[in-house]
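Fold and contact review
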Amino acid sequence: MGERGKEPLLKKVYYENCPGCKVELLKENQHGIPFKGLLTIWVIVLSSVLPASLLFPFLYFMIRDFHIAKTEEDIGYYAGFVGSTFMLGRALTSFFWGVFADRYGRKPVIIVGTIAVVIFNTLFGLSVNFWMAISTRFLLGCLNGVLGPIKAYACEILPDEYQALALSTITTAWSIGLIIGPAVGGFLAQPAEKYPSVFSKGSLFGRFPYFLPCLCISAFALVVAIGSFWLPESLHNHEEAKSIEDKSLKALEGATRSPNVKEVEGTPTPSKSLIKNWPLMSSIIVYSIFSLHDMAYTEIFSLWAVSPRKLGGLSYTTDSVGNVLSITGVGLVIFQLFVYPRMDKLFGPILLAQICGVLSLPILQSYPYIALLSGLSLTLVINAASIAKNVLTTIIITCLFVLQNRAVDQDQRGTANGLAMASMSLFKAIGPAVGGALFSWAEKRQHASFLSGSAMIFFLLNIVEVLAILLMFKPFLVEHRHSENREQEVRGQSDVN
């Protein structure tokens, strides 16, 4: 009787015309690591992330060419608004795209999002004034709602044992995209000046010096958009039949279950409120603050690197910024693949995030002193600092992302991810706007007695990070532990019977 009680009373039913059932059936017949599914998710996320930070290496020069800033110190102020509009648009529509994906499917959201990259990222590269740049970035953010639903999609198309790997793939693709995007922007912006033998000043790329990097990203997104039409849809479309089946299953199991088990499993489960789920909400709050810090740093680093030496910058070209970010990207990939998994197992997500947060503080505050170097020493030190800072930040965000997904059950994970994405996007929208304004203000303080010039902006970035680090300690940030007592009680009583 004990063995019979463990067997399912009804076999799972697959509906012939349901796309979600087809995906479930494929998952049951799949063996080994699903490389194809992981690569698909990685490419989709990458195509959506690349436009987010593509502009930062050349944004300083683009604002200068728009002739909207009255002085050189004011360029950062206007650059902040252009940098923030993408995330503002995403913050306003992330929840809508999550609801849309739950109702009409994940595939339409992926297709619309990648097509939006093709259209509006291309138009951004053709911007002729400040307001055109603002509007195209805002519309791109509004229509690119991929990053929320793709987390649910990843969990649905891959077997359960590989879902953690799928979520890690999304995080890694996001981090790599934030590095590769600026690298592409740095290398390919102003091609007529860098590569006059290939691009003449009278050509399309000479008249629109920031079009080439946008075009390359849009071309990649176009390939992804076309390929997305062949993606399997993972959303089930037989809710009525599914409801009838679930009711029949519960009724039959309830009729044959022993009275003791019935008392345990038949207890009504209270509805779970995400807002009252403190492990989730605390991780989202800390995640959002770190996202603000990360986005502000990404913009400020590029603005600082290309600003002139007299204002405390490095006088780098966009090409030089691209070199630094490319080397950082390579270091980040190597670290994420070979070092991070071992560190996570050794320290756990909360302790690891705390350690990385503390280590990143002196690195960030050393940047103004790095600007005093030159030649080979500057190249070596700035690359080492950039790799270390980005690796530490990526570890922190990955750890917080893990905490979010552990804080909720599978049936609430999509909604939780949508909530986290909306909050993160809002904070990331604030980051560039505030960062650009503060950078412009700091450059006007070259002769201040306390933290003059760029030293002030990096000090302010550290204050934001210190706040996030303090919130990573108890009682604010706690890790959710799934209680297995009730399951063990039910299992034990089933075995007895």
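Residues numbered from 1 in each chain as written. Predicted model: local features only at pLDDT ≥ 70, side-chain atom pairs only at ≥ 80, totals over all residues. Heavy atoms only, no water.

Applying the stated criterion across every chain, the model contains two salt bridges. Note that D74 is salt-bridged to K444, the shortest N-O span being 2.8 Å. Of this pair, D74 sits in the loop between α4 (56-66) and α5 (75-104) while K444 sits in the loop between α21 (413-443) and α22 (454-470), and the two are 370 residues apart along the sequence. (Salt bridge = Lys/Arg side-chain N within 4 Å of Asp/Glu carboxyl O. Helix = DSSP H or I, 4+ residues; strand = E, 2+ residues; numbered from the N terminus.)

With an omega dihedral of 10°, the bond running from K474 to P475 counts as a cis peptide bond. Take P475: it is sitting in the loop between α22 and α23 (485-496). One non-glycine residue, H67, adopts positive backbone phi at about 60°. Of note, H67 is situated in the loop between α4 and α5. By relative accessible area, H67 is classed as exposed at 70%. Even without a glycine there, the phi angle at L451 is positive, about 50°. (Buried < 20%, exposed > 50% of the residue type's maximum accessible area, 1.4 Å probe, protein only.)

Turning to the packing of aromatic side chains, a few remarks are in order. Scanning all chains against the criterion turns up 21 aromatic pairs. Three or more aromatic residues joined by ring pairs form one cluster here, namely Y77, Y78, F81, F130 and W131. Of note, R137 hangs over the ring of F124, and the distance from its end group to the ring centre comes to 5.4 Å. The side chain of K389 reaches across the aromatic face of Y297, ending 4.7 Å from its centre. (Phe/Tyr/Trp six-rings, centres within 6.5 Å; stacked < 30°, edge-to-face > 60°. Lys NZ or Arg CZ within 6 Å of the ring centre and 35° of its normal.)

Right, let's talk about the packing of helix α18 (residues 349-365) against α22 for a bit. Relative orientation of the contacting elements α18 and α22 amounts to 175°, with a least axis distance of 9 Å. As far as their axial angle goes, α22 and α18 are roughly antiparallel. Residues G357, V358, S360, L361, L364 and Q365 of α18 pack against A455, F458, F459, L461, N462, E465, V466 and I469 of α22. (Axes fitted to C-alpha atoms, helices over the stretch in contact; angles between N-to-C directions. Parallel < 35°, antiparallel > 145°, perpendicular 65-115°, else oblique. Contact = heavy atoms within 4.5 Å.)

A grouping of I115, I119, L123, L222, I226, F229 and W230 is seen on the molecular surface, where their side chains present a nonpolar patch of about 700 Å² in accessible area. Mapped by element, the contributors of at least two residues to the nonpolar patch are α6 (106-125) and α12 (211-228). Top element by residues in the nonpolar patch is α6. It accounts for three residues. Following the sequence through the fold, W230 ends up in the loop between α12 and α13 (239-256). (Patch = residues over 30% accessible without salt bridge, like charges linked within 9 Å, V, L, I, M, F, W, Y side chains within 5 Å. Areas by Shrake-Rupley, 256 points an atom, 1.4 Å probe, with all protein chains shown as cover.)

Moving on, we come to α12. The end-to-end C-alpha distance of α12 is 25 Å, a good match for the 26 Å that 18 residues give at a rise of 1.5 Å each. Of the positions making up α12, those classed as buried are F211, L212, P213, C214, I217, S218, A221, V224, A225 and S228. (Expected span 1.5 Å × (residues − 1).)

Now for the confidence of the model for the chain. When the pLDDT values of the chain are averaged, the result is 79; 82% of them are 70 or greater. Here α23 stands out as the element of the chain with the lowest mean pLDDT, 39, in contrast to α12, whose mean of 94 is the highest. In the model, residues 1-10 has pLDDT below 50 throughout and makes 10 contacts with residues more than four positions away in sequence or in other chains. Scored below 50 in pLDDT, residues 240-271 shows 28 contacts in the model against residues more than four places distant or in partner chains. (pLDDT = per-residue confidence, 0-100.)

Core analysis: the largest hydrophobic core is formed by 112 residues, its most contacted members being I41, F58, V82, I150, W304, Y367 and I382. For this core, the leading source of residues is helix α15 (residues 278-306), giving 13 residues. With residues up to four places along the chain from it excluded, the contact list for Y367 reads Y297, F301, W304, A385, S386, K389 and F458. Grouped together as the second largest cluster of nonpolar side chains are seven residues, L274, I284, A407 and A420 included. (Core = buried A, V, L, I, M, F, W, Y, C linked by side-chain atoms within 4.5 Å.)

A few words now on the side chain of S454. Within the fold, S454 resides in helix α22. Once residues lying within four places of it in the same chain are set aside, the contact partners of S454 are W304, G312 and P368.

What describes two packed helices is the angle between their axes and the distance between those same axes. One can describe the packing of helix α3 (residues 35-53) onto helix α8 (residues 149-157) by two numbers: an axis separation of 11 Å at closest approach and a directional angle of 175°. Compared by their axis directions, α3 and α8 come out roughly antiparallel. Across the interface between the two elements, I41, I44 and V45 of α3 pack against I150, A154 and I157 of α8. Looking at the contact of α3 with α8 residue by residue, the class counts come to six nonpolar, no polar and no charged. (Nonpolar A, V, L, I, M, F, W, Y, C, P; charged D, E, K, R; others polar.)

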